[in-house]
Amino acid sequence: MSYKFTEEQLAIRDLARSFAQKEVEPLSRDMDEHGWNAALYEKYKAVGLQATPVPEAYGGAGLGDIECAIITQELARADAGFAMASEISWVCTDMIIRHGSDAQKQKYLPGIAEGKLCAFGLTEPDCGSDAAGMRTRAKKQADGSYVVNGSKAWITNSGIADYYVIMAVTDPDKRAKGISAFLVDAGTPGLLINKEEDKMGMRSSDTHGLTFDDMKLPPDALLGEEGMGFVYAMEGLDGGRISCTAISTGIAQHAMALAMKYAKERAAFGKPIAKFQAIAFKLANMAMYTDAMELMLYDAAELKSTGVRCSRQAAEAKLFASTHATQICLDAIQIFGGNGYSKEYHVEQLLRDNKLMEIGEGTNEVQRIVISGALLK
Ligand SMILES: Cc1cc2nc3c(=O)[nH]c(=O)nc-3n(C[C@H](O)[C@H](O)[C@H](O)COP(=O)(O)OP(=O)(O)OC[C@H]3O[C@@H](n4cnc5c(N)ncnc54)[C@H](O)[C@@H]3O)c2cc1C
């Protein structure tokens, strides 16, 4: 890969890689069976990487999108669901940094720098792709506070988060322009966490629905301006889609490494299966696509780090990486033959984990809508 990291970025990559390989990867299969591992997250917090995007003034490292992508890619290579917990929290962090008041930054960012997790609440049971059709209602009261009623579906980190960024309708007549974003603390009366989802993959990540039952929020829970929540969420998802690219790239690199090793060791017809062109060409394709994924990942991350809107680049990168990572995982399973179908050899988990990257933070159909919309504007 020809993208040139700085010395500092290489040091972050080494730190993230070493933690991921020593601490996260050995627990991946166990987390696939038993879910989120809070003790592992405590260890990760102690390393300090979760503070990466938080400005130094609030106790963070003050680094940016490229560094976050590096960490996400390295964590995902070890366990994608674990990587997802921190990346979705960073989507919320980015929204607070961009749109939070001084008081909100003081309240939330130091805790986030210490590793407190956030959850991002956009999707609802009846609308995901058409997020502007949401029904959760935040009704403004005479004293400026809000009373929120409604529900959210599929919210990552929702059972473990300290803070929630939720989007809710403040003006039902204005569709997307009537949606606002709110900062909600865990434990707020009226915030109910529904049962955990029993997922196909990304099983180490924690996912629940939320119910808001007359949840009362003070006026200063509003993030930024009223009516701007949909715009903030879409901006946040640009970063989220870059993170999805990093996750798929990490998964694909892991699948390729496992397939390479296996193809050199497994013999058939008197020679290693890597010597058969049908297998070697699969490996060649894996190398080509993972290299291209990395280039698109860091191109989009670099653009975002300049402050320019990068919706098209983020959508292209996510679409490309998630699609090809699925094919790479399928090819890796094929290279493993019958063993590829066994949980013991791990490649099947990589396929299950990556499938979410074609769905979450906007399906790949939605990515094509974003890309073609930008092209035809
Ligand atoms: C494990 C997991 C974690 C998640 N984490 C979060 C989270 O933290 N926060 C959050 O807010 N959401 C989260 N989501 C929700 C996720 O973002 C949505 O599932 C996704 O956006 C799709 O929405 P939907 O499920 O309602 O599908 P739908 O919108 O019902 O779509 C169903 C199908 O129709 C297609 N479709 C819909 N509209 C169009 C169109 N105009 N053109 C072409 N095809 C179309 C879709 O691409 C899809 O194939 C998560 C989901 C999962 C599974």
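Just so it is clear, the model here is predicted, and its values are computed rather than measured. (Residues numbered from 1 in each chain as written. Predicted model: local features only at pLDDT ≥ 70, side-chain atom pairs only at ≥ 80, totals over all residues. Heavy atoms only, no water.)

### Focus: the environment of leucine 217
Thought 1: By the secondary structure assignment, leucine 217 is in strand β7 (residues 207-217).
Thought 2: According to the relative accessible area criterion, leucine 217 is buried, its value standing at 2%.
Thought 3: With 149 residues separating them in the primary sequence, leucine 217 and cysteine 68 have C-alpha atoms 31 Å apart.
Thought 4: Apart from the residues within four sequence positions on either side, leucine 217 is in contact with Ser145, Tyr146, Val148, Phe182, Val184 and Thr188. (Helix = DSSP H or I, 4+ residues; strand = E, 2+ residues; numbered from the N terminus. Buried < 20%, exposed > 50% of the residue type's maximum accessible area, 1.4 Å probe, protein only. Contact = heavy atoms within 4.5 Å.)

### Overview of unusual backbone geometry
Thought 1: Positive phi, normally seen in glycine, also occurs at methionine 202, with a value near 50 degrees.
Thought 2: Residue classification places methionine 202 among the buried positions, given a relative accessible area of 1%.
Thought 3: Positive phi, normally seen in glycine, also occurs at histidine 346, with a value near 75 degrees.
Thought 4: Structurally, the position occupied by histidine 346 is in the loop between α9 (311-336) and α10 (347-355).
Thought 5: Using a relative accessible area of 14% as the deciding quantity, one classes histidine 346 as buried.

### Describing the nonpolar core
Thought 1: Counting residues in each nonpolar core, the largest one holds 63 residues, and the members touching the most others are Tyr44, Leu75, Phe82, Ile247 and Ile335.
Thought 2: Elements that contribute at least two residues to this core include exactly α1 (7-24), α3 (38-47), α4 (65-78), α5 (80-99), α7 (229-265), α8 (277-305), α9 and α10.
Thought 3: Here the element with the most residues in this core is α7; it accounts for 11 residues.
Thought 4: In this structure, this core is formed jointly by two domains, domain 1 (7-117) and domain 3 (232-376), each of which donates at least three residues.
Thought 5: When residues no more than four places from it in sequence are discounted, the contact partners of isoleucine 247 are Thr72, Ala76, Ala80, Ala83, Met84, Glu87, Met202 and Met357.
Thought 6: Judged by nonpolar contacts, the second largest core, of 31 residues, contains Ala51, Met95, Tyr108 and Val169. (Core = buried A, V, L, I, M, F, W, Y, C linked by side-chain atoms within 4.5 Å. Domains from an automatic or database assignment.)

### Things to note about the packing of α7 against α8
Thought 1: Between α7 and α8, the shortest axis-to-axis distance is 9 Å and the interhelical angle comes to 155 degrees. Taken as axis vectors, α7 and α8 run roughly antiparallel relative to one another. As for the relative orientation of α7 and α8, their crossing is left-handed in sense. Here α7 contributes Gly239, Ile242, Thr245, Ala246, Ser248, Thr249, Ala252, Gln253, Met256, Ala259, Met260 and Ala263 to the contact with α8, which in turn contributes Ile279, Leu283, Met286, Ala287, Thr290, Met293, Glu294, Leu297, Ala300, Ala301 and Lys304.
Thought 2: A class-by-class count of the residues in the contact of α7 with α8 yields 15 nonpolar, 6 polar and 2 charged. (Axes fitted to C-alpha atoms, helices over the stretch in contact; angles between N-to-C directions. Parallel < 35°, antiparallel > 145°, perpendicular 65-115°, else oblique. Left-handed = near helix turned anticlockwise from the far one by under 90°. Nonpolar A, V, L, I, M, F, W, Y, C, P; charged D, E, K, R; others polar.)

### Points about the domain arrangement of the protein chain
Thought 1: Splitting the protein chain by domain gives domain 1 (7-117), domain 2 (119-230) and domain 3 (232-376).
Thought 2: Taking only C-alpha atoms, the centre of domain 1 and the centre of domain 2 are 22 Å apart.
Thought 3: Listed per partner, the contact involves 26 residues of domain 1 and 22 residues of domain 2.
Thought 4: In total, about 2100 Å² of surface goes out of reach between domain 1 and domain 2, with carbon and sulfur atoms giving 65% of it.
Thought 5: Its largest share of buried area at the contact with domain 2, domain 1 owes to Met95, Tyr108 and Leu117, together 27% of the area lost on that side.
Thought 6: Linking domain 1 to domain 2 there are 1 salt bridge.
Thought 7: Among the ionic pairs, aspartate 185 bridges to lysine 107, the shortest N-O distance being 3.1 Å. (Buried area = accessible area lost by both parts, 1.4 Å probe. Salt bridge = Lys/Arg side-chain N within 4 Å of Asp/Glu carboxyl O.)

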